[in-house]
Structure formats: structure tokens, C-alpha cells
Amino acid sequence: MSQIIMALDQGTTSSRTILFDENGKIVAVANAPLVCHYPQSGWVEQVPEEIWSSQRQTIEAALAQAKLSMKDISAVGITNQRESTIAWNRKTGDAIGPAINWQCRRTADFCEELKAEGFDRILKNRTGLVTDPYFSGTKMRWILENVPQARKLADQGNLCFGTVDSWLIWKLTGGRVHATEISNASRTLVFNIDACSWDDEILARFGIPRETLPEVHPSSGVIATVNPELFGGEAPIAGVAGDQQAALFGQACFEPGMAKNTYGTGCFMISNTGSELVFSKHGLLTTIAWQIGNEVTYALEGSVFIAGALIQWLRDGLQLFEDAAETQAMAESVSDSGGVFVVPAFVGLGAPHWDPYARGTIVGLTRDTNRNHIVRASLEAIAYQSAEVLSSIAKDTGTEVKELRIDGGAAANNFLCQFQADLLGLKVTRPQVLETTAMGAAFLAGLAVGVWKDQAQIRSLWQEEKTFTPQLSKNEAVEHMKNWNRAVERSKGWIIP
Ligand code: ADP
């Protein structure tokens, strides 16, 4: 019988468990929804016990689907929503408050304080991150200052902090192991990504005792075994990575210059920079992609706030169509966008513009403009924004991105993929298995226990479904980008602060 690898994919809106065989084929999939709570404006929370129970439910369901038990699993991999932060009592094993979600803005004031004193420069140099409520460190500080018993537990040595990977490892081991993995640690704002250890000076500024933090493990390697009382077997937990890093691995982007872009609600782009730590001059994040053995691989990461969400708005807000899948034919029904540009700066602009005062704009309208032009210009906008982030990555690294591998819901749109290839002058490749995040976790875990012998073997499992090769000349692409930039200029600074 083929060896089976279990990937736990714990996301913001759902928990999933996927079983893969040793050929990288999906054997079973189980999903359970997960809710967010919004107790105040800008605050986002989840219930730690629900994160675990939803994950646990999908583990049981996936095993049942495949008629297997945990004894049949060669290795368990974990990939997870990053930065979300949980605190629990080491003695009882229970969470002491809500999981503070990555989207939560409750620590904005402390971030402003850090910036005002210039501490943001230290944070950027040591952690590769910008000083923003997004990341875990300021959330831990908030818990210490605001959750009853947190400080007391910390003083007694009984407080555990963790990101979602840590929480799942804690639960899977029946509270025996307080551990995390390095790509997750690199999103906490308290982890030195050069020294690869928690940073004492940052911890002191944040008031976080080092003993509250988990032990940091490589991305591939046995961390612990699953408590046999839970699922009737003892599989090793052998691979862990944050969701975007796992997707980069699942896309087999193993060489420097290989990048992946996920086209979902927003776009998440991440590019392998190899053993080199590259600090961005364009507002991108430097992060750890993974560690295998002693070898640490770094990455640059950038995101586009509004991508598939623009298509949702065309559907629900403007009611131009009923199903996002219709947009491909609508875009292809016209020969070009008729000079129309849609800049979806609904929540301001991110990298490389960073203008919170920008707002959405449609320019270039004429009497001839119809809905197909607007749809086409909107799909093009997703590609333009991604091209800007990729060009920032190229500027920061001083080398061109070699190949872009794509996934996410909107990557199903062939028009979008082709236009992306045209703009970038790059091969854009869509894989057969679109579950790249779970696949990455499975690959990391299987690699650790010898299901696959090396990365070369994993590379051979990754298979393309379709490749889009550029059809436009470089000059035409440059001309398109110039016009896009003219449109972006018109969206900037619209809100008067
Ligand atoms: P997320 O994980 O962020 O929820 P998904 O990866 O599931 O997102 O992708 C869903 C997004 O992709 C939605 O915003 C939707 O509008 C968009 N989308 C889905 N199918 C298409 C399509 N064929 N063409 C363009 N956009 C699409």
C-alpha cells in the first residue's frame, strides 16, 4: 500500500484535512467552517477551542473517508493561518482568552508608539517585518496587559504563547509539547531572522518573558508524535509551515528567483531568495520560507489587498454577472479594455505605493464603454497590481523573477493568467493540484520521514496543468504598465485626512 501523508490546513475561515498518497495525489479531503468574532471595530477574534475542535473533526472525517486510522499515516504536516496568537495555561492546557486573529487591529496604538521612538527600524532590521498590528508580538503584549491571570501565570512560568501551529501541536500531543516552526516564528515580530532565535532586546521592549515562547523547530523534521489516545495511533508530526510559505514549497519553488502568486480575495506573492536575507526598499516583507536541516531559505513577500474581491464587487455591487467564472468569456468578447482602467483602491493602496488615502477609480470611460470593458479592465487590474509587487521583488533582489507559479480561486481564469504572462514577459504556470498549501505541508512532513528522499523527487511530483507564455512584445507591456501607472496616480490621495 502507498504511504499516506496527512496535511492539516488550518485557515481563517475553515479547518481542513487532506490525505495525500506518495505520488502527491489527494486521497481524502474534509472541511469544517470556522467563525470569526468582531467584538469591537477593528477587533477580530476566534475561539481557540473551536480552532482545535474543527481541526479534530476534519482529521476524523478524512480518516473515515479513506477508511484509515492514524496508525496508517506516515507523517502529519501542519500549515496554518499565520500571526494569529493564542495564550494558554501550561498546567491545565486551556486557553486563557480568545485567539487574537491576524486581522485584528487592537495593538495599533502600541505600534504607533514603537514607530514614534524609532523602534520600528530595529524591528525591520532584526525581523524583516514592518511595525504593524498584523504580527503576533504586539498581540502577546496585549494579552499580558489585558487578560486577567496572564501576567500572574507568566510570573509562575505557566503561561504559553503560540501561533496556530503551536496550538495544534500542543493539542495533538495532549499538552506535552510547546513548540513552533521557524517560518511561523518569523511572523511574530520578536524573532531574529538572521540569528534564527527569539530576540531578547525586542522581547524586553515588548515585556514578553522568553519562557512563555515555544521552542523553535525546522520546517521539516519530527517535532513530536500525535497522542495515541486521540485518534488511535501515533503518527509523527514532521512538517510545519505558515500558509504562504507552505504554498511556495507546495509549488516546488525551490530555487532563488522562483515565485508563487495566490489569486484569492487578495493576492499573496512570495519569492524564494535562497540563503540570502534581502531587506526591501519597497515595503515588502522579508521572511523565512523554510528551514530544512541547518539550511535556512529566505523569501520576500508582498500582497495585493483587493484582487478577487474586485470580481466579487462587480458581481454583488454592480451585478454585472452572476458567477465569477463568466468573467473570462466577457473579457474575451472585447478586443481590449477600450482604454478603461479600474484601480481597486477600495482600502487604499499597498506595495509599492502605500497610500492609505487612495480610493477606487475607473478612468478612461467613453460613450462606447460597456460592461465587458469594465470586466476586462478589472481582471487586468489584478494582473497589473501583481506585476507591481513582482517588479518590487525584482528591484529588491537585483534579479528578475524567473518563473511565476499560480494558484487560488481566480487563477482558474485563463484570460487573467494570459494577461499576467503578457505583462510580466514571463512564463506563468498553473499546477494540476491547486491545493498547494496543504501539499507543501505534506511535502515537508513526508520529506522528514523518508516518504520522499529529497527535494528533487518532490519537484518531479509537482505537475503543471497549463502554462501561459507571453504573447506581447516588451514595448507593449511597458506601455500598458505606463498607462496603468497614470490611472493609479489618479486614485491616490483621494481621501482628505
Ligand atoms: P480566498 O481563499 O481568499 O477566499 P479563493 O482562492 O477561494 O479566495 O478565490 C476566490 C476569489 O476568486 C473570489 O474573490 C472570486 O471573486 C475570485 N474568482 C473565483 N473564480 C474566478 C474566476 N473564474 N475569474 C475571476 N475571479 C474568480
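Residues numbered from 1 in each chain as written. Predicted model: local features only at pLDDT ≥ 70, side-chain atom pairs only at ≥ 80, totals over all residues. Heavy atoms only, no water.

### Quick look at the packing of aromatic side chains
The final tally for this structure, using the stated rule, is 17 aromatic pairs. Taking 5.3 Å as the distance between ring centres and 80° as the angle between the ring planes, the aromatic pair formed by Tyr134 and Phe135 counts as edge-to-face. Ring plane angle 85° and centroid distance 4.8 Å describe the contact between Phe249 and Trp290, whose orientation is recorded as edge-to-face. Here the residue Phe249 occupies a position in helix α10 (residues 243-250), and Trp290 occupies one in strand β17 (residues 285-292), the gap between them amounting to 41 residues. (Phe/Tyr/Trp six-rings, centres within 6.5 Å; stacked < 30°, edge-to-face > 60°. Helix = DSSP H or I, 4+ residues; strand = E, 2+ residues; numbered from the N terminus.)

### Details of the environment of Lys260
Along the chain, Lys260 turns up in strand β15 (residues 258-263). Classification of Lys260 as buried rests on a relative accessible area of 0%. Sequence-wise, Lys260 and Ser271 are 11 residues apart; in three dimensions their C-alpha atoms are separated by 6.5 Å. Polar contacts involving the side chain of Lys260 include one to the side chain of Gln244, which spans 2.5 Å. Polar contacts involving the side chain of Lys260 include one to the main-chain carbonyl oxygen of Phe268, which spans 3.3 Å. (Buried < 20%, exposed > 50% of the residue type's maximum accessible area, 1.4 Å probe, protein only. Polar contact = N/O pair within 3.5 Å; in protein donor to acceptor, adjacent residues only side chain to side chain.)

### Description of the pattern of salt bridges
A complete count under the given rule lists 24 salt bridges for this structure. Note that Arg82 and Glu301 form a salt bridge whose closest N and O atoms lie 2.7 Å from each other. Of this pair, Arg82 sits in the loop between β5 (73-80) and β6 (85-89) while Glu301 sits in strand β18 (residues 295-304), and the two are 219 residues apart along the sequence. Classification of Glu301 by relative accessible area gives buried; the value is 4%. A salt bridge links Asp316 to Arg315, with the nearest nitrogen and oxygen atoms 2.7 Å apart. Counted as one network, the salt bridges with shared partners bring together Arg82, Glu83, Arg187, Asp243 and Glu301. (Salt bridge = Lys/Arg side-chain N within 4 Å of Asp/Glu carboxyl O.)

### Comments concerning the pairing of β17
The element β17 is extensively covered by neighbouring structure, given that seven of its eight residues are classed as buried. Across seven bridges, the pairing between β17 and β18 is antiparallel. Bridge pairing in β18 places Ile288 opposite Tyr298. The loop that links β17 with its antiparallel partner β18 comprises two residues; one of these, Gly293, has a positive phi angle of about 60°. (Pairing = 2+ DSSP bridges.)

### A look at the packing of helix α11 (residues 308-316) against helix α13 (residues 371-397)
Remark: α11 packs on α13, axes separated minimally by 9 Å, with the N-to-C direction vectors making an angle of 160°. As summarised for this structure, α11 and α13 are arranged roughly antiparallel, according to the angle between their axes. Crossing handedness for the pair α11 and α13: right-handed. Packed against α11, whose contacting residues are Gly308, Leu310, Ile311 and Leu314, the element α13 presents Ile374, Val375, Ser378, Leu379, Ala381 and Ile382 at the interface. Class assignment for the residues of the contact of α11 with α13 results in eight nonpolar, two polar and no charged. (Axes fitted to C-alpha atoms, helices over the stretch in contact; angles between N-to-C directions. Parallel < 35°, antiparallel > 145°, perpendicular 65-115°, else oblique. Left-handed = near helix turned anticlockwise from the far one by under 90°. Contact = heavy atoms within 4.5 Å. Nonpolar A, V, L, I, M, F, W, Y, C, P; charged D, E, K, R; others polar.)

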